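Secondary and tertiary structure notes
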Amino acid sequence: MSMPDEIEDPSSPQAPRPAADDAADSLTLATYLRLRGIAAPRGRRRRRIRDEDGENVPFAPGRDPRGLGDIVAEVTREAGWDSHLAQEDVLRRWSEVAGEQTAAHAHPVALEGGVLTVQCDSTAWAKQLSLLRAEIVTRIVRHHPDAGITGVRFIGPDVPSWKWGPRTIPGRGPRDTYG
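From a predicted model like this one, the values you see are computed outputs, not experimental measurements.

Thresholds, definitions, all that
Residues numbered from 1 in each chain as written. Predicted model: local features only at pLDDT ≥ 70, side-chain atom pairs only at ≥ 80, totals over all residues. Heavy atoms only, no water. Helix = DSSP H or I, 4+ residues; strand = E, 2+ residues; numbered from the N terminus. Buried < 20%, exposed > 50% of the residue type's maximum accessible area, 1.4 Å probe, protein only. Contact = heavy atoms within 4.5 Å. Areas by Shrake-Rupley, 256 points an atom, 1.4 Å probe, with all protein chains shown as cover. Core = buried A, V, L, I, M, F, W, Y, C linked by side-chain atoms within 4.5 Å. Pairing = 2+ DSSP bridges. Axes fitted to C-alpha atoms, helices over the stretch in contact; angles between N-to-C directions. Salt bridge = Lys/Arg side-chain N within 4 Å of Asp/Glu carboxyl O. Expected span 1.5 Å × (residues − 1). Patch = residues over 30% accessible without salt bridge, like charges linked within 9 Å, V, L, I, M, F, W, Y side chains within 5 Å.

**Comments concerning the overall build of the protein chain**
- A count of helices and strands for the protein chain gives seven helices and three strands.
- What you see in the protein chain, going N to C, is helices and strands ordered as α-α-α-α-α-β-β-α-α-β.
- The buried share among the 179 residues of the protein chain stands at 17%.
- Considering only residue pairs separated by 6 or more positions, the protein chain has 49% of its internal contacts joining residues 24 or more positions apart.
- Of the accessible surface of the protein chain, which amounts to about 15,400 Å², a share of 53% is contributed by carbon and sulfur atoms.

Here's what the structure looks like:
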């Protein structure tokens, strides 16, 4: 039996090693050196794939998740619904805009051309609220600027008309009915 003159050192670069162990050891050693700050990272750097619009770039601005409220607000703004929704908000919150007592005796009935029409329980309420018109319009503009309301019109209660119905006659109609 003959013995080899030299014993091969397993750590020497000339020693044959299995391929799987070689890859694992070099990866482990490279990771260790990089984490310790001794060696620079080795390997190729990946290039980011960019779309023409830049949409496929990770960590780009605008790629964060957004809330449902933000998305709905953007859709309504793009569709041009902001003024319509603000007008509906004024009608829905009429008691906050006009006050609880006023809202108990007056309610909005129409909104055309920037003028809100409010029907009151009596002509006395309509007259009093017409004197407070400037204050009410100021509240509306301050709290709901997107509504586009520029004026408020107060009307009295609906009264029966003698000009309609199956038994109407031409002419002036009854004049002494109420007194």
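**A look at the nonpolar core**
- The biggest cluster of nonpolar side chains holds 18 residues, and the ones touching the most others in it are Leu116, Val118, Ile136, Ile140, Val152 and Phe154.
- Among the elements of the structure, α3 (82-92), α4 (94-98), β2 (115-120), α6 (123-131), α7 (133-143) and β3 (151-155) are those that each provide at least two residues to this core.

**As for the sheet that holds β3**
- Spatially, the three strands line up as an open sheet ordered β1-β2-β3, and their pairing is mixed. For this open sheet the edge positions go to β1 (106-112) and β3, each flanked by a neighbour on one side alone. The sheet shows a mean angle of 25° between the axes of neighbouring strands, taken without regard to direction.
- When β1 meets β2, the two strands line up antiparallel, connected through six bridges. When the bridges of β2 are listed, proline 108 appears paired with valine 118.
- The sheet strands contacting α6 are β1, β2 and β3, and the helix crosses β3 at an angle near 160°.
- With respect to the sheet, α7 is in contact with β2 and β3, its orientation differing from that of β3 by roughly 130°.

**Quick look at the pattern of salt bridges**
- Scanning the model with the defined rule gives three salt bridges in all.
- Notably, a salt bridge pairs aspartate 89 with arginine 92, separated by 2.8 Å at the nearest N-O pair. With aspartate 89 and arginine 92 both in helix α3 and three residues apart, this pair spans about one turn of that helix.
- Given a relative accessible area of 17%, aspartate 89 falls into the buried group.
- By relative accessible area, which is 60% here, arginine 92 ends up exposed.
- One salt bridge connects arginine 93 with aspartate 89, and the closest N-O pair in it is separated by 3.3 Å.

**Some remarks on the pairing of β2**
- Among the six residues that make up β2, five are buried, leaving the element largely enclosed by the rest of the structure.
- In this structure, β2 lies alongside β3, joined through five bridges in parallel fashion. Each residue of the ladder has a partner; that of leucine 116, found in β3, is valine 152.

**Considering helix α2 (residues 68-79)**
- The terminal C-alpha atoms of α2, which comprises 12 residues, lie 16 Å apart, in line with the 16 Å expected from a rise of 1.5 Å per residue.
- Positive backbone phi, at 80°, marks glycine 80, one or two positions downstream of α2.

**Thoughts on the side chain of threonine 117**
- Here threonine 117 is to be found in strand β2.
- Residue classification places threonine 117 among the buried positions, given a relative accessible area of 11%.
- Here threonine 117 is in contact with Pro108, Val109, Ala110, Arg153 and Ile155, once residues within four sequence places are set aside.

**Focus: a nonpolar patch on the surface**
- Nonpolar side chains collect at one region of the surface, where Leu68, Ile71, Val72, Val75, Trp81 and Leu85 lie side by side and expose about 580 Å² of accessible area between them.
- Broken down by element, the nonpolar patch gets its largest block of residues, four residues, from α2.
- Tracing the chain through its elements places valine 72 in helix α2.

Geometric values such as these leave the question of function open.
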